[in-house]
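Overview (structure and organization)
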Amino acid sequence: MSEREATEGEGPLLDNARPPANVHDALVAHTARPQDLPARADCVVVGGGIMGLATAFHLAELGVKDVVVVEKSYLCSGASGRNGGGVRAQWSSETNIRLMRESQDLCADFATRMRINVWYRKGGYLFLARSPERAAQLEASVQLQRANGLRTELVDAVRVKRIAPEVETTGLEVASYGPDDAVVFPWPFVWGYAKACAERGVGVFTHTPVTGFETDGRRIRAVVTEAGAIATDQVVLATGAWSPELAAMLGLSLPNRPHRHEICSTESLKPFLRPLVADLATGLYCSQSMRGELVGGVSNERVPEGLDQRSSLRFLGLYSRELLRTIPRAGGLRVLRQWGGCYDLTPDGNPIVGRTDELEGLVLLCGFMGHGFMMAPVMGKRVAEHLVRGAHRELFERWSLTRYRTGKLLEETMILG
Amino acid sequence: MSDKIIMCRCEDVTRHQLEEAVARGHRDIESLKRFTGFGTGWCQGKQCAALCARVLVELGGEPPEAPFTPRPPVHPIPLAHLARLTEDPEAP
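Worth saying up front: this structure is predicted, and the values here are computed from it rather than measured. (Residues numbered from 1 in each chain as written. Chains lettered and ligands numbered in written order. Predicted model: local features only at pLDDT ≥ 70, side-chain atom pairs only at ≥ 80, totals over all residues. Heavy atoms only, no water.)

Let us now look at the pairing of strand β17 (residues 334-345) of chain A. By the criterion of burial, β17(A) is predominantly enclosed, with 11 of the 12 residues buried. Relative to β17(A), strand β13 (residues 257-268) of chain A is paired through 10 bridges, and the arrangement is antiparallel. Of the residues in β17(A), the one forming a bridge with A:Ile263 is A:Trp339. Here β17(A) runs beside strand β3 (residues 77-78) of chain B; their pairing, made up of 2 bridges, is antiparallel. (Buried < 20%, exposed > 50% of the residue type's maximum accessible area, 1.4 Å probe, protein only. Helix = DSSP H or I, 4+ residues; strand = E, 2+ residues; numbered from the N terminus. Pairing = 2+ DSSP bridges.)

What follows is the structure, encoded as structure tokens:
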């Protein structure tokens, strides 16, 4: 199936996601007990973040019987629990625009289908351009977005003031406004998928680190964890910034690198800011959550190498300066908490998803450039359909690891942070 | 009754919510904090962390080796003050 066919069509998504009758009323544990780790499985998903859980859920929906998820820490411990919760379709490539349109629909429906409150708020996304170069970039992206059915508009300072009165428009060239973009609270998505997995017999094992793999030539034989080995010939690696480490256990070298990104949250105010406000030049983004807090981050190139989830005082300075240049009246608001998480960066700004030439039965699902959370609902569905029915082959060939050998690299200019 | 006992005053988390969270498999302090929201409000857990940790153990969860990861700043600080931090080229 071509990608064009695959992404067309409106209407309800997560069609089969309605929980079986009465099950949502029962108290279903989101996680399994370590002693219940099975000795074999049809498919082992490594990584209990939203990407792995969404994939496991859709595999179960498509009838795969024994699916197991192993997570080295607690639910929401990685980037799925540390991101800003933005869900936007404003991207600069046709593939990302179309995929995110579908993901947005899945997110909008998630609370109803999964029976968990995700604090979904469709306040739009406002991208500010404060230089002619950025303006030209936004204009090109908006044209492509509109050609793909988005309601994104280019707006001037007057309109910006109408959409977000507190935003400073001095020096503004132009902005793009996508009214259908949204912000959610990320954690309930993780719990919702975990619950739906449990309801369908998928074991989600937290605090179960993978220590290695058993292979036989090009075939995978087992996933070895601290709690025991699981015999399987299908493995989905959905481990975000930890993917290079895990892939190395399989003798596979990934070009991804982790990059620490920090966020902070302020005390709550009554609602005053509808859209998420962002500037691609500085990487600033900021939105008001359903709890009333301002949540946001900013680009910071100078961070420690490798996997590092600590927070820094330097970030608070960088962020506050950029935020107050954009929303000057926020100066009196106090920062309550800050935290860090890891982006999973790839050399060409596009994900690495699909099978590999090196190992049969391995599917990579990583490299989402700090935007994996919003992509996960649609990616989980696509990857499961690919594994079970061989669908979406064209997309996963384009996004495969092989492109770094063949030189067929991709492009994306709307990466934040 | 346990739905009337407040454990975290900033976020209105009751003992009943802690019980439900543990029953749902949130059996360690980090997971319990996230699922119930205790310790994420104005005081950032200064008043409730020890109490919630004790209840977690009472309910048969994993005994925490330390409080949950503390999130700076220790006290709330206005953005305007933070914006005046000078850029230290040596800072991490």
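Following the structure, the description resumes.
Now for the environment of A:Ala41. All names here are of chain A. Relative to the elements of secondary structure, Ala41 occurs in the loop between α1 (3-7) and β1 (43-46). C-alpha separation for the pair Ala41 and Glu293, spaced 252 residues apart in sequence, amounts to 43 Å. If we skip the residues at most four places from it in the chain, Ala41 touches Asp66, Val68, Ile230, Ala231 and Thr232. (Contact = heavy atoms within 4.5 Å.)

Residues and elements named next belong to chain A. The strand order across the open sheet built from 6 strands is β8-β2-β1-β12-β19-β18, with neighbouring strands paired in mixed fashion. Two strands close off the open sheet at either side, each with one partner strand: β8 (203-205) and β18 (352-355). Here the strands of the sheet are splayed against their neighbours by 15° on average, with no regard to which way each runs. Pairing geometry for β18 and strand β19 (residues 362-366), over 4 bridges, is antiparallel. From the neighbouring strand, Val353 faces β19, where its bridge partner is Leu365. (Axes fitted to C-alpha atoms, helices over the stretch in contact; angles between N-to-C directions.)

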